[in-house]
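Architecture and fold: a report
Residue-level listing of the chains:
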Amino acid sequence: MTSQHQPDDMTKQVQVAPAGELPPGQRKLVFVDGRSIVLFNIDGALHAIDNSCPHNGASLANGRLEGSILQCPAHGLRFDLAKSCEPGSASLCLRRFQLREEEGSLMLLVESSTAP
Ligand code: FES
């Protein structure tokens, strides 16, 4: 199932890499508008998260991955990339971005401008 999210005034699509650079089982670190974002391809499912652990800001780019479970290298908290965080959940939530493949490119949906 693919979700079609059209960019609006608040969001924009950014081409971050050729799709071939993120085959299944791989991850890739990209930088968009000063943000560090980690891309994952887990058995063909694409995920994009902010490269900052919600616990204390450690980089998640080199976290251990078992299936869809990413473990923060700093203190070991585990996050399931395949599940979205429930609003009001007591657990810490990753900051996620929509990522999809479009005409051979990886397209990331981000906020249009963070500059004051
Ligand atoms: S900074 Fe990630 S678990 Fe503490």
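In this report, we go over the structure that sits alongside the text. In this text, all values refer to a predicted model and were calculated from it rather than measured experimentally. (Residues numbered from 1 in each chain as written. Predicted model: local features only at pLDDT ≥ 70, side-chain atom pairs only at ≥ 80, totals over all residues.)

1. Some points on the overall build of the protein chain
The helix and strand tally for the protein chain stands at 0 helices and 9 strands. Reading the protein chain from its N terminus to its C terminus gives the helix and strand order β-β-β-β-β-β-β-β-β. Of all 116 residues assigned to the protein chain, the portion counted as buried reaches 20%. In the protein chain, the proportion of contacts linking residues at least 24 apart, taken out of those at least 6 apart, comes to 43%. (Helix = DSSP H or I, 4+ residues; strand = E, 2+ residues; numbered from the N terminus. Buried ≥ 20, exposed ≤ 12 C-beta atoms within 10 Å, placed from the backbone. Contact = placed C-beta atoms within 7 Å.)

2. Notes on the sheet that holds strand 8 (residues 96-102)
As summarised here, the arrangement of the 6 strands in space is 1-9-8-4-3-2, forming an open sheet in which the pairing is antiparallel. Of all the strands in the sheet, the pair left with one neighbour each is strand 1 (11-18) and strand 2 (27-32). Recorded for the sheet is a direction-independent mean angle of 30 degrees between the axes of neighbouring strands. In this structure, strand 4 (residues 45-50) lies alongside strand 8, joined through 2 bridges in antiparallel fashion. Residue pairing for strand 8: Ala 48 is matched across the bridge by Phe 97. (Pairing = 2+ DSSP bridges. Axes fitted to C-alpha atoms, helices over the stretch in contact; angles between N-to-C directions.)

3. Quick word on the sheet that holds strand 5 (residues 64-66)
Picture the strands of a sheet paired through backbone hydrogen bonds; they go either parallel or antiparallel. Across the sheet, 3 strands lie side by side as 5-6-7; this open sheet has antiparallel pairing. Of all the strands in the sheet, the pair left with one neighbour each is strand 5 and strand 7 (78-80). With direction set aside, neighbouring strand axes in the sheet form an average angle of 25 degrees.

4. Section: the pairing of strand 8
In this sheet, strand 9 (residues 105-111) lies alongside strand 8 in antiparallel orientation, the contact comprising 5 bridges. Bridge pairing links Glu 102 to Ser 105 in strand 9.

5. Brief notes about the environment of Phe 79
Within the secondary structure, Phe 79 is located in strand 7. In this structure, the C-alpha to C-alpha distance between Phe 79 and Ile 69, residues 10 residues apart in sequence, is 5.5 Å.

6. Comments concerning the environment of Thr 11
With respect to the secondary-structure elements, Thr 11 resides in strand 1. Measuring from C-alpha to C-alpha, the distance between Thr 11 and Glu 111 comes to 4.2 Å, with 100 residues separating the pair along the chain. Ignoring sequence-local partners within four residues, the contact set of Thr 11 consists of Leu 109, Val 110, Glu 111 and Ser 112.

7. Considering the pairing of strand 3 (residues 35-42)
Both strand 2 and strand 3 contribute to a ladder of 6 bridges, which runs antiparallel. Residue pairing for strand 3: Val 30 is matched across the bridge by Ile 37. The antiparallel hairpin formed by strand 2 and strand 3 contains 2 residues in its connecting segment, where Asp 33 sits at a positive phi of about 50 degrees. When strand 3 meets strand 4, the two strands line up antiparallel, connected through 6 bridges. Looking at the pairing, Phe 40 lines up with His 47 of strand 4. Once strand 3 ends, the chain turns through 2 residues before running back antiparallel as strand 4, passing Asp 43 with a positive phi of about 50 degrees.

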